[in-house]
Amino acid sequence: MKRLANKRILLGITGSIAAYKAGEIIRRLREANADVRVVMTQGATEFVTPLTFQALSGNPVHQHLLDNDAEAAMGHIELARWADVILVAPASADFISRLCLGRANDLLGALCLASHVPLALAPAMNQQMWKDPATQTNVQTLRSRGVLLFGPDSGEQACGEVGEGRLMQPHALIEALADVFATGSLTGQTVLITAGPTQEPLDPVRYLSNHSSGKMGYALATAALEAGAEVILISGPVDNSVLASLSHAIKTVNVTTAEQMLEQAQAFAHKADILIAAAAVADYRPVLAQTEKIKKSAESMMLQLQRNPDILATLKRQSPWLFSVGFAAETENLEQHARQKLKDKGVEMIAANWVGHAATETGGTFGSDNNALKLFWPGGELELGVSSKIRLARELVALIASQYDNAVQSGRLNNEQRNVKNVVQLRSNGSDNNN
Ligand SMILES: Cc1cc2nc3c(=O)[nH]c(=O)nc-3n(C[C@H](O)[C@H](O)[C@H](O)COP(=O)(O)O)c2cc1C
């Protein structure tokens, strides 16, 4: 269940006799390496103690909305922002009706309202309660609002009756939840992503670089994989913690300098349909990288630098079939610079974000887990507000997927050159050796 690895699952538990089965759900989620936080309604705590779920999830259980201490630890809005998905299992008939009305009179109801991530309900109740027109109308209303319904199953019930209303089996619930992250919007496409900083050596021990952590590019690689794409990631040097966030299904090529990054990206471009250039490539490199360590002698010294290749513009020029998305990190005039880049590089989209002193309102960009993006494309723009990088990445990938489809259908991407290049490559190699 790789799709649930590192996902943040907010598990709501309500007052059903099936509340004890939530223990099994938590256990399976943790086995899938998901991060689980539990929210219990007052009703749920009548069936199972919060301590049980605290022990199983490894996190404190959230219960109260109007509680200063709980709000100070992780407020309800913060919790709503934290989640990648909300699963309410079991979902009682009463909770379903409150959700339908948009009630926010307890923590779980408030979270469901305050969050825009996918919301899934696994109802569990007496078969007559499930069949009741009130419940059925509520369920239909929620479905029409995009709420996902997992189950219920049919069978023998705790009350001795037989019928529909049993909580879906935990293993099936986990599979259904994993499917939430498989959008399939990029199935059949190959996405080439550059990420991280580059390092330009001055001598064997020193280099010029920048503060890029690689987190945004790695989040995009994960989001593209979730969307069904084959993903090739060309990565500059990043921390082990960032490396560890990556699925083994993503082909990763590690590079150090801008020239190496371009060379590797060129080697894979013929395979790709979409390019996302998220790396923070050094614009300049030392003219001469000394072979021996530069000694401390003179009071001052001059460094002569030369321009590095423009990876995004070069790739787009050489491989015009690539639906190309560039990143712009700016400290001033964000929109003006982004629009200029869009034009100069001839790409399909620019994702711009503030950096340095200008990034304080967006939670800081370099190294931070949060960001905010402003997207520009010919004839359109969209602002994605402050959110976690993985959530932003999913939104951006969804937008790229739909715009890529439009571009292909309208014949805007030049595929002829790609076909020619593929034939030339196969002839010169005897076979494709870039795997
Ligand atoms: C023993 C017992 C078992 C119950 N089981 C369920 C159930 O499986 N599903 C359900 O919707 N309600 C069930 N209820 C009723 C709910 O607990 C009740 O509607 C409660 O208000 C739900 O609160 P909550 O939705 O805030 O958790 C049960 C009540 C009792 C006393």
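Cut-offs used in this document
Residues numbered from 1 in each chain as written. Predicted model: local features only at pLDDT ≥ 70, side-chain atom pairs only at ≥ 80, totals over all residues. Helix = DSSP H or I, 4+ residues; strand = E, 2+ residues; numbered from the N terminus. Buried ≥ 20, exposed ≤ 12 C-beta atoms within 10 Å, placed from the backbone. Pairing = 2+ DSSP bridges. Contact = placed C-beta atoms within 7 Å. Axes fitted to C-alpha atoms, helices over the stretch in contact; angles between N-to-C directions. Domains from an automatic or database assignment. Nonpolar A, V, L, I, M, F, W, Y, C, P; charged D, E, K, R; others polar.

Undergrad: Let's hear about unusual backbone geometry: which residues, and what values?
TA: The linkage connecting A89 with the following residue, P90, adopts the cis geometry, with an omega of 0°. Looking at the secondary structure, you find P90 in strand β3 (residues 85-91). The peptide bond linking G151 to P152 adopts the cis configuration, its omega dihedral lying at 5°. Mapped onto the elements of the fold, P152 is located in the loop between β5 (148-149) and β6 (153-156). Even without being a glycine, N6 presents a positive backbone phi close to 65°. Summarising the element assignment, N6 is placed in the segment before β1 (8-13). The exposure class assigned to N6 is partly exposed, which follows from the 17 C-beta atoms found within 10 Å. If you check the backbone angles, N333 has positive phi at about 45° while not being a glycine. Exposure remark for N333: the 11 C-beta atoms within 10 Å place this residue in the exposed category.

Undergrad: Any details on the sheet that holds strand β4 (residues 119-123)? Residues and values, ideally.
TA: Strand order in this open sheet of five strands is β2-β1-β3-β4-β5, and the pairing throughout is parallel. Strand pairing shows two members of the sheet lacking a second neighbour, β2 (35-40) and β5, which therefore form its edges. Pairing between β3 and β4: four bridges, direction parallel. Residue A91 lies in a different strand from β4, and its bridge partner there is P123. Across the sheet, helix α1 (residues 22-31) touches β1, β2 and β3, and the angle it forms with β1 is around 175°.

Undergrad: Let's hear about the domain arrangement of the protein: which residues, and what values?
TA: Here the protein is described as being made up of domain 1 (2-180) and domain 2 (190-429). Computed over C-alpha atoms, the centres of domain 1 and domain 2 are 38 Å apart. With four residues of domain 1 at the contact, the number on the domain 2 side is four residues. Looking at the side of domain 1 that touches domain 2 residue by residue, the class counts come to no nonpolar, one polar and three charged.

Undergrad: Tell me about the sheet that holds strand β19 (residues 380-388), residues and numbers included.
TA: The strand order β12-β11-β8-β13-β16-β17-β18-β19 describes an open sheet built from eight strands, whose pairing is mixed. Strands at the two margins of the open sheet, each flanked by one partner only, are β12 (251-254) and β19. Neighbour to neighbour, the strand axes of the sheet diverge by 15° on average, direction disregarded. Taken together, the six bridges between strand β16 (residues 323-330) and strand β17 (residues 349-354) define a ladder with parallel strand orientation. Within the sheet, the bridge partner assigned to E330 lies in β17 and is W354. Where helix α15 (residues 334-345) meets the sheet, it contacts β16, β17 and β18 (370-377), and its direction lies at approximately 150° from that of β16. Of the strands in this sheet, β13 (274-277), β16, β17, β18 and β19 touch helix α16 (residues 389-409), which is tilted by about 155° from β19.

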